[in-house]
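Take a look at the letters that make up each chain.
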Amino acid sequence: MKQVIVVAGLGLIGGSIAKSVVRDNGLYVIGYDTNNETLQFALEMGMIHEAATDLMTVAKRADYIILAAPISETIRLMEQLDNVSFEKDIIITDVSSVKRPVMEAAENLVNPHLYFIGGHPMAGSHKKGVQAAKAHLFENAIYVLVSGSTVHTNQVKQLKEILSATNCKFIELNATEHDEMTGVVSHFPHLIASSLVHQARKWEETHQYLPNLAAGGFRDITRIASSNPVLWQDIFHHNREKMVQLLDEWIKEMSFLKQLVEQKDRKTMISYLEEAQVYRDGLGKKEKGAIPSYYDLYVDIRDQTGAIASVTQLLAEHSISINNIQILEIREGITGALRLSFSSQTFLGHASQLLRDHGYETMVEK
Ligand SMILES: NC(=O)c1ccc[n+]([C@@H]2O[C@H](COP(=O)([O-])OP(=O)(O)OC[C@H]3O[C@@H](n4cnc5c(N)ncnc54)[C@H](O)[C@@H]3O)[C@@H](O)[C@H]2O)c1
Ligand SMILES: O=C(O)C(=O)C[C@]1(C(=O)O)C=C[C@@H](O)C=C1
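- By the naming in an unreviewed UniProt entry, the chain is Prephenate dehydrogenase, taken from Oceanobacillus jordanicus.
- The UniProt entry for the chain carries the following comment under Pathway (unreviewed entry): "Amino-acid biosynthesis; L-tyrosine biosynthesis; (4-hydroxyphenyl)pyruvate from prephenate (NAD(+) route): step 1/1."

Some points on the site of ligand 2
- Around ligand 2, the surrounding shell consists of Ser97, Met122, Ala123, Gly124, Ser125, His126, Ser186 and Ile224.
- The residue inventory of the shell around ligand 2, partitioned by class, reads three nonpolar, five polar and no charged.

So, the site of ligand 1
- Taken together, 32 residues lie near ligand 1, and Gly9, Gly11, Ile13, Ser97 and Gly124 sit nearest.
- For the shell around ligand 1, the secondary-structure elements that each account for two or more residues are helix H1 (12-21), helix H4 (71-81), strand S6 (114-121) and helix H10 (229-238).
- No other element matches H4, which puts four residues into the shell around ligand 1.
- Taken together, the residues of the shell around ligand 1 break down into 15 nonpolar, 14 polar and three charged.

Structural notes on the environment of glutamine 158
- Inspection of the secondary structure assignment puts glutamine 158 in helix H6 (residues 153-163).
- In sequence terms glutamine 158 and glutamine 80 are 78 residues apart; their C-alpha atoms lie 24 Å from each other.

Details of the packing of helix H7 (residues 175-204) against helix H11 (residues 240-262)
- It is at 10 Å that the axes of H7 and H11 come closest, and there the two elements cross at 65°. Comparing the axis directions of H7 and H11 gives the class roughly perpendicular. Crossing hand, H7 versus H11: right-handed. Mapping the contact onto sequence places Asp179, Glu180, Gly183, Val184, His187, Phe188 and Leu191 in H7 and Lys242, Met243 and Leu246 in H11.
- When the residues that make up the contact of H7 with H11 are grouped by side-chain class, the tally is five nonpolar, two polar and three charged.

Definitions and limits used
- Residues numbered from 1 in each chain as written.
- Chains lettered and ligands numbered in written order.
- Predicted model: local features only at pLDDT ≥ 70, side-chain atom pairs only at ≥ 80, totals over all residues.
- UniProt positions renumbered as here; feature names shortened; annotations may be inferred.
- Near = placed C-beta within 6 Å.
- Nonpolar A, V, L, I, M, F, W, Y, C, P; charged D, E, K, R; others polar.
- Helix = DSSP H or I, 4+ residues; strand = E, 2+ residues; numbered from the N terminus.
- Axes fitted to C-alpha atoms, helices over the stretch in contact; angles between N-to-C directions.
- Parallel < 35°, antiparallel > 145°, perpendicular 65-115°, else oblique.
- Left-handed = near helix turned anticlockwise from the far one by under 90°.
- Contact = placed C-beta atoms within 7 Å.

Next up, the structure:
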């Protein structure tokens, strides 16, 4: 008999999970969302086998429930599920970007059939909604799991098996360490990106050509400012203690930089920039706890139809598998660069040589 998974919240994240687990023949996927159009879209696109308009009714048929609504809604759904009379044990997980409030809510569950394992796939996008969902969103991404106190190791193993269709890499953390680390490398950067955009917007009032000069650097560092404001406000709210601490640290850091600039301390500034460069270049190069290892190759391409396809086809013909591909907005309309990520130095070396042999300019990030 097929195992039943209910995915509640079929947006970017829930939709992407549904799209990957629905490919597993051993699973029957039921989708639930408060938005009827989302539900219909998911059904029509084959992302789910069945659409439900009442979570509490279908919950009784489920072996697993994946809560993928915004964090505050997820906590509300957990409280409602606690009142359901289940006839069998059920594993519930979530995908929330902040784990402490969710795990605290999990500790308050009294229903003897509920086993809660917190989850957070460390991949996403600035886009939202079911239409942005992709089956491959979590491929090779870190997927954090946080066990509730009543959960057995065997249940964590079962959940990993179900989610293995996403091709992610699991790590287990506790909620506090998760929220501290994601606070630094995920949540806080969103605040800074939005503040940089505000700064540019104010300067545009007196400098009308400013947007034309916003090239690769500004676009790279502010992409995430295009994310869903309601969702991100919820993330900042739930990780607010960390946000306040990081803002205090950031203000101190900015005062230090201001001093360096004012005092024309060029030597210290070079060391400051060098230290940042070395750390940034090392990110993802070697396996370092939660940071996955990737080997990046930059390829210059012309802005013409089929340019990306030619690169990927060439690599595919030589069985070189690409883990990630990103188009960098460097010089729009003229030439561009592709960032190709590989899982090993060997793949990167072969890809670089092959592309060079075919006339492409490539660059490896040092
Ligand atoms: N966006 C990212 O990059 C990212 C990455 C990892 C984790 N997350 C987490 O994933 C969760 C969802 O984020 P998203 O980016 O998929 O958002 P989204 O806006 O794309 O999707 C949220 C979906 O939840 C539905 N929804 C809202 N309230 C609901 C309720 N009470 N019951 C059922 N469905 C409900 C909405 O209709 C929508 O379809 C959040 O908790 C977020 O912290 C987001
Ligand atoms: O790539 C993006 O746009 C994201 O913001 C994804 C991102 C992040 O890396 O910060 C955002 C929130 C998550 O909870 C996990 C991943």
